[in-house]
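# Close look at the chain arrangement
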Amino acid sequence: MRIVVDDRQLPFLLERSSISRSLPLASAPANELKKPGVSRWSLKLPETGIPITRITCATDSALFQREMRLWEEAADDRGDTFSRELGHATWKKVPGETTQEFAVRLDVAPRSNTLFLETDNGDNPAIKLHDFRGHYPVSRVVFKTASDSTRPIWIYYGNPDAALPRYDVTLIADQLFRAERAPATLGAQENMGSKTERITQTLTGSTRYFFWGVLGVVVVALLLLISRLLPKTQ
């Protein structure tokens, strides 16, 4: 990640907190006909790569003990998919217990936006789960900028080839963390692709067709010019 103002980096500190927040996960049954004794649920994350550390849910079943397995489908270097295990847990409930939720802690962060939770019911009835939520730790980005500046501040991320930045501001981290802060609000996410992609994304309707038409005329004119500059064959 980088914080950029006028094409220059702003040094920042990453503050990790003990706060945890959660978001709802869309769930759907994903049972296999070949495995009638296995219950499976697919869980959909709002975005790919959210660093969730825990999955929780509620149940209406009163008596059970199950081994729960959380996994996702991942691809290797050759493009072949395999089951990548994320975490596991043992859930148990007896009548009279006041357990409100059951949880699976993730040993590794997910890479995709679809997770699978499954368990083998054995010779018992299938358990019923609902209200799935994903929990993630809260981290804060702390940086210093001019209070009266009207220049936009950009957060760049998503480049897997970019290394973790190293700033000298870490030497005065205590002072920066103790300083008075002003919260920054994120704007809409933008895809910073090539310049041509950004231009075409901003064009709509007839303007877009006009843009591509002019671009085509320019290409044809250049080809004609090049053909006239080439030596003629005898």
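Higher on the page you've got the structure.
The following paragraphs examine the structure supplied in this document. (Residues numbered from 1 in each chain as written. Predicted model: local features only at pLDDT ≥ 70, side-chain atom pairs only at ≥ 80, totals over all residues. Heavy atoms only, no water.)

A few words now on the overall build of the protein chain. Along the protein chain, the regular secondary structure elements total three helices and twelve strands. Its C-alpha atoms give the protein chain a radius of gyration of 27 Å, more than 25% over the compact-globule value 17 Å for 234 residues. Among the 234 residues that make up the protein chain, the fraction classed as buried is 28%. Put simply, of all contacts in the protein chain between residues at least 6 apart along the chain, 73% involve residues at least 24 apart. On the protein chain, roughly 17,400 Å² of surface is accessible, and the fraction owed to carbon and sulfur atoms is 54%. Here the protein chain contributes 30 positively and 27 negatively charged side chains, and the mean placements of these two sets differ by 5 Å. (Helix = DSSP H or I, 4+ residues; strand = E, 2+ residues; numbered from the N terminus. Rg over C-alpha atoms; globule rule 2.2 N^0.38 Å. Buried < 20%, exposed > 50% of the residue type's maximum accessible area, 1.4 Å probe, protein only. Contact = heavy atoms within 4.5 Å. Areas by Shrake-Rupley, 256 points an atom, 1.4 Å probe, with all protein chains shown as cover. Lys, Arg positive; Asp, Glu negative; His and termini not counted. Charge placed at Lys NZ, Arg CZ, Asp CG, Glu CD.)

Moving on, we get to the pattern of salt bridges. Tallied over the full model, the rule gives ten salt bridges. Here Arg-140 makes a salt bridge to Glu-15, at a shortest N to O gap of 3.9 Å. Residue Arg-140 is found in strand β11 (residues 129-143), and its partner Glu-15 is found in strand β3 (residues 12-24); the two are separated by 125 residues along the sequence. Since its relative accessible area comes to 33%, Arg-140 is described here as partly exposed. When the shortest N-O distance is used, the salt bridge between Glu-118 and Arg-40 registers 2.9 Å. Remark: Arg-40 occurs in strand β5 (residues 38-44) and Glu-118 occurs in strand β10 (residues 114-120); sequence separation between them is 78 residues. Judged by relative accessible area, Glu-118 falls into the buried class, the value being 14%. On the accessibility criterion, Arg-40 (10% relative accessible area) is buried. (Salt bridge = Lys/Arg side-chain N within 4 Å of Asp/Glu carboxyl O.)

On to the pairing of β11. Regular strands place their side chains on alternate faces of the sheet. Note that β3 and β11 share ten bridges and pair antiparallel. Bridged to Leu-23 within β11 is Gly-134. Alignment of strand β6 (residues 54-59) against β11, held across five bridges, turns out to be antiparallel. Following the sheet pairing, Thr-59 is matched in β11 by Leu-129. (Pairing = 2+ DSSP bridges.)

In this section: the pairing of strand β9 (residues 102-105). Only one face of β9 is covered, namely the one carrying Phe-102 and Val-104; the face carrying Ala-103 and Arg-105 has none of its residues buried. Examined bridge by bridge, β6 and β9 share four bridges and lie antiparallel to one another. Looking at β9, one finds that Ile-55 is bridged to Val-104.

The next point concerns the nonpolar core. With 23 residues, the main nonpolar core has Leu-43, Ile-55, Leu-70, Trp-91, Leu-117, Leu-129 and Phe-132 as its most contacted residues. Ignoring any residue separated from it by four or fewer positions in sequence, one finds Phe-132 in contact with Leu-23, Pro-24, Leu-25, Ser-27, Trp-41, Leu-43, Ile-55, Thr-56, Cys-57 and Leu-117. Grouped together as the second largest cluster of nonpolar side chains are ten residues, Val-5, Val-142, Tyr-167 and Leu-176 included. (Core = buried A, V, L, I, M, F, W, Y, C linked by side-chain atoms within 4.5 Å.)

What follows covers the environment of Tyr-167. Tracing the backbone shows Tyr-167 in the loop between β12 (154-156) and α1 (173-178). Considered as a pair, Tyr-167 and Leu-13 are 154 residues apart in the sequence and their alpha carbons are 8.5 Å apart. The contacts of Tyr-167, once residues within four sequence positions are left out, are Arg-2, Gln-9, Leu-10, Pro-11 and Phe-12.

With that settled, the discussion passes to unusual backbone geometry. One non-glycine residue, Asp-6, lies in positive phi territory at about 55 degrees. By the secondary structure assignment, Asp-6 is in the loop between β1 (2-5) and β2 (8-9). Look at Asp-131: it is not a glycine, yet its phi comes out positive at around 55 degrees. By the secondary structure assignment, Asp-131 is in strand β11.

For the rest of this paragraph, the subject is the side chain of Lys-93. Note on placement: Lys-93 falls in strand β8 (residues 81-93). Buried Lys-93, no salt bridge; nearest opposite-charge side chain is Glu-97, N-O distance 7.0 Å. Polar contacts involving the side chain of Lys-93 include one to the main-chain carbonyl oxygen of Ser-61, which spans 3.4 Å. Once residues within four sequence positions are removed from consideration, Lys-93 is found in contact with Thr-59, Ser-61, Ala-62, Leu-63, Phe-64 and Phe-102. (Polar contact = N/O pair within 3.5 Å; in protein donor to acceptor, adjacent residues only side chain to side chain.)

Moving on: the sheet that holds β9. Across the sheet, four strands lie side by side as β3-β11-β6-β9; this open sheet has antiparallel pairing. Edge strands, defined here as strands with exactly one partner in the open sheet, are β3 and β9. Ignoring strand direction, the axes of neighbouring strands in this sheet form an average angle of 20 degrees. (Axes fitted to C-alpha atoms, helices over the stretch in contact; angles between N-to-C directions.)

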